[in-house]
Amino acid sequence: MRRFGRTVGRVVGTTFGTAVGTTARAVPGVMIGLITAGLAVGVGELVAVWSGPQTAPAIAVGSAAIDLTPTPLKEYAIRNFGTDDKPVLLTGIYLTLAAIAVAAGILAVRRPMVGVGLVAVFGAVGAWAALSRPTARGGDLWPSILGAVVAGAAMVLLVRSYQASQSPEESASRLPPWAQDRRGFLTLAAGAAGTAAVSGLVGRTVVDKRYNVALKRSRVRIPAPATRAAAIPPAVHPNVAGLSSFITPNSDFYRVDTALVLPQVDPDAWTLRIRGMVDRPLELSFAELLNRPLVEHDQTLSCVSNEVGGPYVGTARWIGASLADLLREAGVQRGADQLVGRSIDGMTIGTPVESVLDGRTGLLAVAMNGEPLPIAHGFPCRMLVPGFFGYVSATKWLVDLELTTFADYDSYWVRRGYSKIAPVKTASRIDVPKPFAKVPAGSVTVAGVAWATHRGIDAVEVRADGGPWQLARLAAADTPDTWRQWTHELNLAPGLHKLEVRATDATGAVQPEQRVDTVPNGATGWHSVVITAA
Ligand SMILES: Nc1nc2c(c(=O)[nH]1)N[C@H]1C(S)=C(S)[C@@H](COP(=O)(O)O)O[C@H]1N2
Ligand SMILES: [Mo]
């Protein structure tokens, strides 16, 4: 027993000693790795001042990662991180970079060229990612390349200085004497870390100044619309605490897009082309767009990735130019059945031409709830076509409209497994009470929203614990293009209860019970919440 104890003690002691020794020896390598990675990123951000924020190494790699992400993983990210999916992705990229940097640094202390090789690989990956963007220009590779060159040079310098400081006697280094001891190494390391921080900071600050269009947006004046929307009747919104507001404030409006950095589109330089299968290709400036007769229209927008009961739906009062009028001016040719909107960052979104021209109010929208489009929602111009999910109707940062066919062209999400045409499915959501709420037994107010955009909602029913469906009270309707709110009083005995809701659209179709996934054209199923009455 005692022998065993001593052996264990010795083993643990040696292991621990070795671990401490190894860790201590790793410190310079870890430092060198992290500092050079910081330099690559920092210098990259500085160079991005010339080539644009989307070309900074981490952003370019992240954007390529978004495009390469398999659809199930992307649905998972939207489900679990929502609008925070981008910070989560960037954090992941920085952590991965840091882990590889640490390994590269530790390797570099023994074999500097292996470390430099890894830095070069990273530069190449960043450059490839930047050039892989659909809107890339040749110069976009410079942030990653120059970042890697500076980082590689710094790595060699730091490793040499460290090696010289370890064995001064055999130092054949060409470094100046001051850089050949411990203090010299630490000075160089601090200098490199400082350079990384300053270049990154300066880069970000200047990029933000140079590319941010917030100031230009604040100076945009949207002319009064020629066609006003009817006033929204106050009775669209039952006064129930916790029920969504009828108009979703811009600050609360969901955001779903692939843009890792928000596109900054200068309205003074913006143009919209209409081309492809048209008799008269057109090009429009922002001033010309604002000069067209503007239409005010209320519309509920929703995302195909919204799960039953989910948050990716909102309603706004939009102002824009008629999309149908513009297409008629351009003269759509026979056979053109798909209208493809392209954004400045290369997103493509395809809408059925037939629907755009069937009399519904499709817009080239310039305003949202009384202000120019927020940058996150597509400033200066986005498309909207009521009745379709956003991925097939609502191109933000729109710069190009192409008339083509569904046979000839698959848009971004269609290539990733979603349907070519995806009308909004009839949906309803219980907003009140919240899941797992505790409510007083007796009369309980249930309230929520229902939408079947462009068809409209005719009925909403609620039931408790699988009992008979009961008709809910519908609030006043605004238009068939907006959602409809509803309330219902249920009488609940003390205990656990499951509340369910289903809607009927204006064609008479009842929302199906069957649960289907968001891919390929939107979820179905009844929303339910479980609550306790006491
Ligand atoms: N340029 C661009 N436009 C886009 C997208 C995008 O990723 N990029 N996403 C679409 C999707 S999937 C939806 S649901 C709506 C969301 O619009 P919102 O962010 O203004 O709510 O925008 C659409 N327009
Ligand atoms: Mo979406």
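Quick caveat: nothing in here was measured; it's all calculated off a predicted structure. (Residues numbered from 1 in each chain as written. Chains lettered and ligands numbered in written order. Predicted model: local features only at pLDDT ≥ 70, side-chain atom pairs only at ≥ 80, totals over all residues. Heavy atoms only, no water.)

Participant: Describe the pattern of salt bridges, with residues and values.
Facilitator: Going through the model one piece at a time under the given rule, you end up with 28 salt bridges. The closest approach of N and O atoms between Asp257 and Lys396, which form a salt bridge, is 2.8 Å. Pair noted here: Asp257 is in the loop between helix H8 (214-219) and strand E1 (271-276) and Lys396 is in the loop between strand E9 (382-384) and strand E10 (398-404), with a separation of 139 residues, a long-range link. Each member of the pair, Asp257 as well as Lys396, is classed as buried. With its nearest N and O atoms 2.8 Å apart, the salt bridge here joins Arg429 to Asp431. In terms of burial, Arg429 and Asp431 fall into one category: buried. Via salt bridges that share partners, Asp85, Lys86, Arg255, Asp257 and Lys396 belong to a single interconnected network. (Salt bridge = Lys/Arg side-chain N within 4 Å of Asp/Glu carboxyl O. Helix = DSSP H or I, 4+ residues; strand = E, 2+ residues; numbered from the N terminus. Buried < 20%, exposed > 50% of the residue type's maximum accessible area, 1.4 Å probe, protein only.)

Participant: Outline the UniProt feature "domain: Moybdenum cofactor oxidoreductase dimerisation" (unreviewed entry) in the chain, supporting the account with residue identities and numerical values.
Facilitator: According to UniProt, the "domain: Moybdenum cofactor oxidoreductase dimerisation" (unreviewed entry) feature falls on residues 428-532. Along residues 428-532 the backbone is 0% helical and 52% strand, and the end-to-end C-alpha distance reaches 22 Å. (UniProt positions renumbered as here; feature names shortened; annotations may be inferred.)

Participant: Outline helix H5 (residues 112-132), supporting the account with residue identities and numerical values.
Facilitator: Here H5 contains 21 residues, and its C-alpha end-to-end distance of 30 Å stays within 8% of the 30 Å for a straight helix at 1.5 Å per residue. Along H5, the residues that are buried comprise Gly115, Val116, Val119, Gly123, Gly126, Ala127, Ala129 and Ala130. One face of H5 carries all of its buried residues, which in axial projection span an arc of 160 degrees. Where H5 is buried, its residues touch helix H2 (57-68), helix H4 (85-110) and helix H6 (142-166). (Expected span 1.5 Å × (residues − 1). Arc of directions from axis to C-beta. Contact = heavy atoms within 4.5 Å.)

Participant: Could you give an account of the pairing of strand E19 (residues 527-533), naming the residues involved and the relevant values?
Facilitator: Because side chains alternate across E19, one face comprises the buried residues His527, Val529, Ile531 and Ala533, and the other comprises Ser528, Val530 and Thr532, none of which is buried. Both strand E12 (residues 438-439) and E19 contribute to a ladder of two bridges, which runs parallel. The partner of Lys438 across the bridge, within E19, is Thr532. Pairing geometry for strand E18 (residues 495-505) and E19, over seven bridges, is antiparallel. Residue pairing in the sheet places Val501 in a bridge with His527 of E19. (Pairing = 2+ DSSP bridges.)

Participant: Explain the packing of aromatic side chains residue by residue, including any values.
Facilitator: As enumerated under the stated definition, the model contains eleven aromatic pairs in all. Where Tyr76 meets Phe81, the ring centres are 6.3 Å apart and the plane angle is 90 degrees; that geometry is what we call edge-to-face. Members of the aromatic cluster, connected to one another through ring pairs, are Phe253, Tyr254, Tyr312 and Trp318. Directly above the aromatic system of Tyr412 lies the positively charged group of Arg416, at a separation of 3.7 Å from the ring centroid. (Phe/Tyr/Trp six-rings, centres within 6.5 Å; stacked < 30°, edge-to-face > 60°. Lys NZ or Arg CZ within 6 Å of the ring centre and 35° of its normal.)

Participant: Tell me about the UniProt feature "domain: Oxidoreductase molybdopterin-binding" (unreviewed entry) in the chain, and please be specific about residues and values.
Facilitator: Per the UniProt entry, the sites bearing "domain: Oxidoreductase molybdopterin-binding" (unreviewed entry) are residues 262-413 in this numbering. Helix and strand shares over residues 262-413 are 13% and 38% respectively, and the end C-alpha atoms of the span are 19 Å apart.

Participant: Outline the environment of Val156, supporting the account with residue identities and numerical values.
Facilitator: Its place among the elements puts Val156 in helix H6. Taking the C-alpha atoms as reference points, Val156 and Ile32, 124 residues apart in sequence, are found 9.5 Å from one another. If we ignore the near neighbours within four places in the chain, the residues touching Val156 are Met113 and Val116.

Participant: Which residues make up the pairing of strand E11 (residues 427-432), and what values do they have?
Facilitator: Summarising burial for E11: six of the six residues are buried, a large majority. As defined by bridge partners, E11 adjoins strand E13 (residues 442-451) across five bridges and the pair is classed as antiparallel. Counterpart to Ala427 in the pairing with E13 is Trp451.

Participant: A description of the packing of H2 against H5 should follow, citing residues and the corresponding values.
Facilitator: At a closest axis distance of 8 Å, the pairing of H2 and H5 adopts a crossing angle of 60 degrees. In terms of axis orientation, H2 runs oblique to H5. Crossing handedness for the pair H2 and H5: left-handed. Of the residues in H5, those touching H2 at Ala60, Val61, Ala64 and Leu68 are Val125, Gly126, Trp128, Ala129, Ala130 and Ser132. Its residues assigned to classes, the contact of H2 with H5 comprises eight nonpolar, two polar and no charged. (Axes fitted to C-alpha atoms, helices over the stretch in contact; angles between N-to-C directions. Parallel < 35°, antiparallel > 145°, perpendicular 65-115°, else oblique. Left-handed = near helix turned anticlockwise from the far one by under 90°. Nonpolar A, V, L, I, M, F, W, Y, C, P; charged D, E, K, R; others polar.)

Participant: Outline the confidence of the model for the chain, listing residues and values.
Facilitator: Put simply, the chain has an average pLDDT of 94, and 95% of its residues get 70 or more. A low-confidence stretch, residues 1-5 stays under pLDDT 50, and its non-local contacts, those more than four residues away or across chains, total zero contacts. (pLDDT = per-residue confidence, 0-100.)

Participant: Tell me about helix H3 (residues 71-81), and name the residues and values.
Facilitator: Those residues of H3 that sit buried are Thr71, Lys74, Glu75, Ala77 and Ile78. In an axial view of H3, the angular spread of the buried residues amounts to 160 degrees, which keeps them on one side of the axis. For H3, the secondary structure elements touched by its buried residues are H4 and helix H12 (412-415). Looking one or two places after H3, you find Gly82, whose phi comes out positive at around 55 degrees.

Participant: Run through the sheet that holds E13, naming residues and quoting values.
Facilitator: Spatially, the four strands line up as an open sheet ordered E11-E13-E17-E16, and their pairing is antiparallel. Pairing within the sheet leaves two strands with one partner each, and these edge strands are E11 and strand E16 (473-474). As paired elements, E16 and strand E17 (residues 484-492) share two bridges and run antiparallel to each other. Following the sheet pairing, Leu474 is matched in E17 by Trp486.

Participant: Describe the sheet that holds E12, naming the residues involved and giving the relevant values.
Facilitator: Spatially, the five strands line up as an open sheet ordered E12-E19-E18-E14-E15, and their pairing is mixed. In this open sheet, the two strands that pair with only one neighbour each are E12 and strand E15 (470-471).

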